[in-house]
Amino acid sequence: MAEFRRAILQSGPIESFALQTVQEFIEPQKQAKLVQDENQLLENMLRTLLQELVSSSAQSREEIMLYGKSIDDGEDSQGQIPRLLDVVLYLCEREHVEGGMIFQLLEDLTEMSTMRNCKDIFGYIESKQDILGKQELFARGKLVMLRTCNQLLRRLSKANDVVFCGRILMFLAHFFPLSERSAVNIKGVFNTSNETKYEKEPPAAISLDFNFYKTMWSLQEYFCDPSLTLSPIKWQKFSSSLMVILNTFEAQPLSEEEGSANNLEEEAASFNIKYLTSSKLMGLELKDPSFRRHVLVQCLILFDYLKAPGKNDKDLKSESVKEEIKSLEEHVKKLLETTPPKGKDFLHKVENIIEHEKNWRWWKRDGCPPFEKQPIENKTVQDGGKKRRPRWRLGNKELSQLWKWADQNPNALTDPQRVRTPAIADYWKPLAEDMDSSAGIEADYHHKNNRVYCWKGLRVSARQDLDGFSRFTDHGIEGVVPLELLPPDVRSKHQAKHNDSKSNDRSKRAKKDGPRSAAHQVKDNQIATPASEIDGEGIRTGLEASAAAPMDSDDMVTTGNISQSSTPTPDEHQKQSPDADGGQEAGHVEADAEAEAGVINGETDAEVDLEAGG
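Residues numbered from 1 in each chain as written. Predicted model: local features only at pLDDT ≥ 70, side-chain atom pairs only at ≥ 80, totals over all residues. Heavy atoms only, no water.

Novice: Can you help me understand the environment of V22 in this one?
Specialist: Mapping V22 onto the fold places it in helix 2 (residues 18-25). Along the sequence, V22 and V97 sit 75 residues apart, while their C-alpha atoms lie 9.1 Å from each other. (Helix = DSSP H or I, 4+ residues; strand = E, 2+ residues; numbered from the N terminus.)

Novice: In this structure, what is going on with the environment of C165? I would like to understand it.
Specialist: Along the chain, the position of C165 falls in helix 9 (residues 162-175). Distance in space between the C-alpha atoms of C165 and L153 is 6.3 Å, their sequence separation being 12 residues. For C165, the residues in contact, after removing those within four places along its chain, are L153, L156 and S157. (Contact = heavy atoms within 4.5 Å.)

Novice: Can you walk me through the environment of L49 in this structure?
Specialist: For L49, the position within the fold is in helix 3 (residues 36-59). Residue classification places L49 among the buried positions, given a relative accessible area of 0%. It is 9.4 Å that separates the C-alpha atoms of L49 and A2, two residues lying 47 residues apart in sequence. (Buried < 20%, exposed > 50% of the residue type's maximum accessible area, 1.4 Å probe, protein only.)

Novice: Sorry if this is basic, but what is going on with the packing of aromatic side chains here?
Specialist: Applying the stated criterion to the full structure yields 19 aromatic pairs. An aromatic cluster of at least three residues, connected via ring pairs, comprises F122, F138, F164, F171, F175 and F176. Its end group placed over the ring of W362, R365 keeps NZ or CZ at 5.3 Å from the ring centre. (Phe/Tyr/Trp six-rings, centres within 6.5 Å; stacked < 30°, edge-to-face > 60°. Lys NZ or Arg CZ within 6 Å of the ring centre and 35° of its normal.)

Novice: Can you walk me through helix 4 (residues 80-93) in this structure?
Specialist: At 3.6 residues per turn, the α-helix brings residues three or four places apart onto the same side. Taking 1.5 Å per residue, 14 residues should reach 20 Å; helix 4 reaches 20 Å between its end C-alpha atoms and fits that length. E95 sits one or two residues past helix 4 and shows a positive phi near 60 degrees. (Expected span 1.5 Å × (residues − 1).)

Novice: For this particular structure, what's the right way to read the packing of helix 15 (residues 289-307) against helix 16 (residues 319-338)?
Specialist: Any two packed helices are characterised by how steeply their axes cross, that is the angle between the axes, and by the distance between the axes. Contact geometry of helix 15 with helix 16 gives a least axis separation of 10 Å together with a crossing angle of 150 degrees. What the angle tells us is that helix 15 and helix 16 run roughly antiparallel. Relative to helix 16, helix 15 is oriented so that their crossing is left-handed. Across the interface between the two elements, R293, L296, V297, C299, L300, F303, L306 and K307 of helix 15 pack against I325, L328, E329, V332, K333, L335 and L336 of helix 16. Across the contact of helix 15 with helix 16, the residue classes tally to 11 nonpolar, no polar and 4 charged. (Axes fitted to C-alpha atoms, helices over the stretch in contact; angles between N-to-C directions. Parallel < 35°, antiparallel > 145°, perpendicular 65-115°, else oblique. Left-handed = near helix turned anticlockwise from the far one by under 90°. Nonpolar A, V, L, I, M, F, W, Y, C, P; charged D, E, K, R; others polar.)

Fair warning: the whole summary comes from geometry, so function is off the table for now.
So this is what it looks like as structure tokens:
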């Protein structure tokens, strides 16, 4: 122990005397690295020496980290305890002693010190963070350092020592890697010990809506443990209480003047971890935009927990509850947007943080895979020229080896088991299990959400099951699943839908074919009617019209022309004219129409005249 007492009083670099001091203490040991028994002996001696130094500083009423530093020393000089810690840290870094020895001394030092001295000790730990975080030291002392920091956090007050607690948490976040499982709340346990106490009975001589006061602070019970809202009764009570609060916020909006009067930057300087719950302050807190934002942001965090996949939310599977959560969330976002100052910017930042929280949840659910990747070592080219790259037969090593293996085994490419199309029942079996409500598989994990799986399944069904493939248009991807794979209740629903769709298709076809067949029948009858009958009917109609009323010659000719041809051609429309000589032109048209009708029906003009005369 005397050797180390003399060593910490020496001036000069530590490298010049640290290893020599250890070798003098462990006589006659002259090796650069100690064995296990020698490490244990040295550790016990250093812990005893540290205890004596702390006791001496307490008796002299000096600060621990400044004990032994004289007034004449410069600013670069250190006390005896920091000097001792530097010596041990140097020996651990050079692997002369066991790497966890420095962490054990720091733990002992924090346990023997007051909270005022612990701030200085922790400042020393922060200054040596880069050295303590090296892999050879971190692997030996990470658990000891975690235990030391947790003990400090338990001794500190969360209300009065907020800054010191934040320093410890920031140190742990930098000291431990991001993928360290010991720093992650894997199971998502809530801190239910953070209880908010408020008044249960209304105070006397205070004009206050005490029911609103109790409703406001009763929400903290659900914010502290969001799993309570999974119960239908608790959810109903929470949603009704929250609607009262949101309606009150909306009925009493804050103006821009009130928002600018409460400077949030000045509040951050005197930040407290919790708001006061006195009923006398309720009126002032309602006018505080920071207070409103805290309550509304807590609501968004709770809604994000309820919407997160993978939770045991069997009680919240009803669509009515999901719609209620969505409407409440939109209401909260609207109030945040209208809360001054800079409500839209604040809402955008909160939404961005909540969106990133999803990535954190998925990372924990995947088992916390490490983010760090080992750097690729750049291999230096040896002297003697540039190294030639190997040439492969098919461009790269893998393809060349595969081709070589196929040459040695000719049956490899013709093996039927090499590429095999799965059976239709085997492929759709996972999706059929998802459709079974008794399996309890959540909608987010259904195979129908996998586009690649659905695309491959449609290709398999197109080759093996055309009937199921045809059901995709009406029933979606779930309709392609064979009926024998579905649960009984789902199968009956799909069969009913399939039968309804078939009957609808038949009725639609019947409606389409009805008018079409009638039109074809009329057309066939028109074609089958002889032209002579058409002409005879036209002449008789003209004679009856002339006998009924006296008409001019021109009108009679025109009437006869129209009666002979019920559907005038475009040429006839052009030739018809109200002039005096229109009758002659109409007579020519009549003759042409008769000739055409006779040719179409295979009859001569003479036969037409005979039939008309008969």
